[in-house]
Amino acid sequence: IVVLTLIILITMLHYLTIQDKVKVHVIYRELYFLPIILAAFWFGLYGGLTAALGVTALYLPMIIGNSSGLVEHDLGNLLEVLLFNIIGILVGWLRKRELTNQEMRRRENELAAMGKAVACVAHDMKTPLIAIGGFVRQIRKKLPPKDRTGEKLDLVLHQAERLESMVKSMLAFAKPFDLKCQTDDFNKLFHEMIPIAKERARIHNVQLTFQLNRNTLLCPCDSSYLQQALINLVNNALEASPAGEKVIVRTRNDAGCIYIEVEDSGEGIPHDQIDNYLQPFVSSKREGTGLGLPIVKKIVEAHGGTLQCERRKIKGMVFRIILPVSIDGKTEI
């Protein structure tokens, strides 16, 4: 309302003032910058551009339709109209960038605070959970195999182990990574995890295929952390894919980067919710902690890489790790 009112008032001053008062019109013309800058500051790029185009639409007819008085200033007026649009775009873009940076800093502060809280809670839960699990196992061993009490203790033990797993995930997310990077063959990392991944695929009755670059891929990385990230991605893909479907893991190189893609055959994540699944404690699994993908993202970013996810056209998702290294092609296993 303020921006629109200012534009209308300045335009009325232009049209209600006789053309001979050149200096007055110049002052009115410069006043147009006020609503344009305000719109850009309040509403970003689109606000600044919309205000600039509105001023152009209202001011341009007076320049074009003028046949006397300001004829010698027409070129200056046209350049000023061009400047209106440049200022609207520039200020709007700068404001949008500033807001984006502020939002990133806010999220980083929230994640830092969340990490500290999670670390404290997980640390306090760890000791009693280990004690509960240990005592239940001791009692269970002393009971006869067919004792009904043993079944209840098995249930308690299963839930304690589940809580222990959740605590481990929370501690992994909360603690900073102390990377010990060494230049190693990237394919070696995959060959070490293939037996583990194949066994998981057998349990889920999902066909798992590795399409790996056949050449030596030398990559500076912390193999233990990076292997953890890859296993998490593959496990997510296997759990998301129905029995009898296929999961494909492939590596390739392009523009000096290693690309690792994990493609599943599940229902996929809606386009408007993809970013949410990279945030901590967001999960569609009934027993999930929502920390699997955030931990993967944290590990990848600690290596200077990025984690991308996109929905496939037919069904399923593709999760892509991009690591910035130079490598030198595809082998199915």
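Structural notes, computed from the coordinates. (Residues numbered from 1 in each chain as written. Predicted model: local features only at pLDDT ≥ 70, side-chain atom pairs only at ≥ 80, totals over all residues. Heavy atoms only, no water.)

Some thoughts on the pattern of salt bridges
Argument step 1. In total, this model carries 11 salt bridges according to the counting rule given.
Argument step 2. Measuring nitrogen to oxygen at the nearest pair gives 3.5 Å for the salt bridge that ties Glu-239 to Arg-200. One end of the pair, Glu-239, is in helix α7 (residues 223–240); the other, Arg-200, is in helix α6 (residues 186–204), with 39 residues separating them in the sequence.
Argument step 3. Given the relative accessible area of 38%, Glu-239 is considered partly exposed.
Argument step 4. Put simply, Glu-263 and Arg-250 hold a salt bridge, and the shortest N to O gap is 3.2 Å. Within this pair, whereas Glu-263 is found in strand β5 (residues 257–263), its partner Arg-250 is found in strand β4 (residues 246–254), the two being separated by 13 residues in sequence.
Argument step 5. The class of Glu-263 is buried, set by a relative accessible area of 15%.
Argument step 6. In the salt-bridge network here, residues are joined through shared partners; they are Arg-250, Arg-252, Glu-261, Glu-263, Glu-310 and Arg-320. (Salt bridge = Lys/Arg side-chain N within 4 Å of Asp/Glu carboxyl O. Helix = DSSP H or I, 4+ residues; strand = E, 2+ residues; numbered from the N terminus. Buried < 20%, exposed > 50% of the residue type's maximum accessible area, 1.4 Å probe, protein only.)

Things to note about the packing of α7 against helix α8 (residues 292–302)
Pairs of packed helices are described in terms of their axes, by the angle between the two and the distance that separates them.
Argument step 1. α8 packs onto α7 with a crossing angle of 145° between their chain directions and a minimal axis gap of 9 Å. As for how α7 packs across α8, the hand of that crossing is left-handed. Listed contacts from α8 to Tyr-225, Leu-226, Gln-228, Ala-229, Asn-232, Leu-233 and Asn-236 of α7 are Gly-292, Leu-293, Ile-295, Val-296 and Ile-299.
Argument step 2. Residues that form the contact of α7 with α8 fall into these classes: 8 nonpolar, 4 polar and no charged. (Axes fitted to C-alpha atoms, helices over the stretch in contact; angles between N-to-C directions. Left-handed = near helix turned anticlockwise from the far one by under 90°. Contact = heavy atoms within 4.5 Å. Nonpolar A, V, L, I, M, F, W, Y, C, P; charged D, E, K, R; others polar.)

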